[in-house]
Amino acid sequence: MNRHRKAPDNTQELLLNLGNLVDQALENIRLQQARAELGMALQRHMLPSELPDFPGIQLAARYAPSQDGLAVGGDFYDAFPMSDGVAGMAIGDVQGHGVEAAAFMGEARASLRALASVTRDPGEVLTSANDLLISLGTDLFTTCCLLSFAPRTGELAIARAGHVPMVWGSDTGDSGVSLDAGGVPLGVLPGQKYPVVHRRLTRPGYLVLVTDGVVEGPAYPIEEGLAEVAGLAGAGRGVAPGILASRVIRVADRTGHDDDAAVLVVHHDGPPDAR
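Residues numbered from 1 in each chain as written. Predicted model: local features only at pLDDT ≥ 70, side-chain atom pairs only at ≥ 80, totals over all residues. Heavy atoms only, no water.

*Asks:* Sorry if this is basic, but what is going on with the pairing of strand E5 (residues 155-161) here?
*Replies:* Looking along a regular strand, one sees side chains alternate from face to face of the sheet. Where burial is concerned, most of E5 is hidden: six out of the seven residues are buried. Strand direction decides the pairing type here: strand E4 (residues 142-150) and E5, joined by six bridges, are antiparallel. From the neighbouring strand, Cys145 faces E5, where its bridge partner is Arg160. If you look at the hairpin formed by E4 and E5, you'll find four residues sitting between the two strands, and Gly154 has a positive phi there, around 80 degrees. Pairing between E5 and strand E8 (residues 197-200): four bridges, direction antiparallel. Directly across from Ile158, in E8, lies its bridge partner Val197. (Buried < 20%, exposed > 50% of the residue type's maximum accessible area, 1.4 Å probe, protein only. Helix = DSSP H or I, 4+ residues; strand = E, 2+ residues; numbered from the N terminus. Pairing = 2+ DSSP bridges.)

*Asks:* Sorry if this is basic, but what is going on with the layout of surface pockets here?
*Replies:* With a probe scaled to a water molecule rolled over the atoms, the places where space remains empty come into view. Computed from the structure, the largest pocket encloses a volume of approximately 200 Å³. Taken together, 16 residues line the largest pocket, and the ones lying closest to its centre are Trp168, Ser170, Leu201, Arg203 and His268. Those elements giving two or more residues to the lining of the largest pocket turn out to be strand E6 (166-170), E8 and strand E9 (205-210). With four residues, E6 is the largest single contributor of residues to the lining of the largest pocket. A class-by-class count of the residues in the lining of the largest pocket yields seven nonpolar, six polar and three charged. By volume, the second largest pocket amounts to about 170 Å³. In this structure, the second largest pocket is lined by Phe54, Pro55, Pro81, Asp84, Gly85, Val86, Ala87, Arg120, Phe149, Ala150, Pro151 and Arg152. (1 Å grid on protein atoms, 1.4 Å probe; cavity = no way out; pocket = protein on both sides within 12 Å on 5 of 7 lines; lining within 4 Å. Points joined across faces, edges and corners; volume = space filled by probe spheres on them. Nonpolar A, V, L, I, M, F, W, Y, C, P; charged D, E, K, R; others polar.)

*Asks:* Just to check I follow, could you spell out the sheet that holds E9 for this structure?
*Replies:* Within a sheet, each strand pairs with its neighbour through backbone hydrogen bonds, oriented either parallel or antiparallel. On the basis of which strands lie adjacent, the open sheet formed by five strands has the order E1-E10-E9-E6-E7 and antiparallel pairing. Where the open sheet ends on each side, the last strands, each with one partner, are strand E1 (57-64) and strand E7 (175-178). Taken pair by pair, the neighbouring strands of this sheet meet at an average axis angle of 20 degrees, ignoring direction. Taken together, the four bridges between E6 and E9 define a ladder with antiparallel strand orientation. From the neighbouring strand, Trp168 faces E9, where its bridge partner is Leu207. Its contacts with the sheet place helix H5 (residues 222-234) against E6, E7 and E9, and it is angled at close to 30 degrees to E6. Strands E1, E9 and strand E10 (261-268) of the sheet are contacted by helix H6 (residues 241-249), whose axis makes an angle of about 30 degrees with E1. (Axes fitted to C-alpha atoms, helices over the stretch in contact; angles between N-to-C directions. Contact = heavy atoms within 4.5 Å.)

And the structure:
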């Protein structure tokens, strides 16, 4: 008889435990969603609401969150005046996800802006930003590609810190990938020097900066992704940079990416003697 009376008690205890587990699971889901929403809010706040105007340059950017909607990342883009009135353009990708990555992204972006105001050399900016981010004492790091461009002369300088190469395209249909030497990501090793590649742009065209979520994924090797973006840049032929940026960000849908994706497109008119 005692066994028959205990069975309902055991069943009730099991149901109570199951209910507690469900409540805990729901609470964890709510916390995860809250953290994701906070991270996305931080990210939106720390990305530029609009991009500046520079003579002879038109800019546009696009951003797509990770496909699962919860893995908030630290992809960023920016444009700002550098020393001597040179235009600076940057894109980067913070390692990791969540609120911490979004906050570190803001620190990296602020560092680049502040340092770019005292020099036009992108390599010097990355060197100083690297040491500054290391001094913050976090375990995070970020890749970055930084350009400085003087529209009046067509002089372009490129420095990379572990980031995806820049893609270019001319209004006449030529295009390619700038497979230049770079350095390690920012925030990893102190005292790093970042090589700078100098070019002179003599024809109107595009400079396209992307994060790896655009060009690399489970269904797409990075070489194919970069080649597709280069094809789009070469086929642009003078369209507004916003149109090209929208075309480029759609490449991320075909790669099956599970990361954030960001695009920054620069259309330059070329030096005055080329206009």
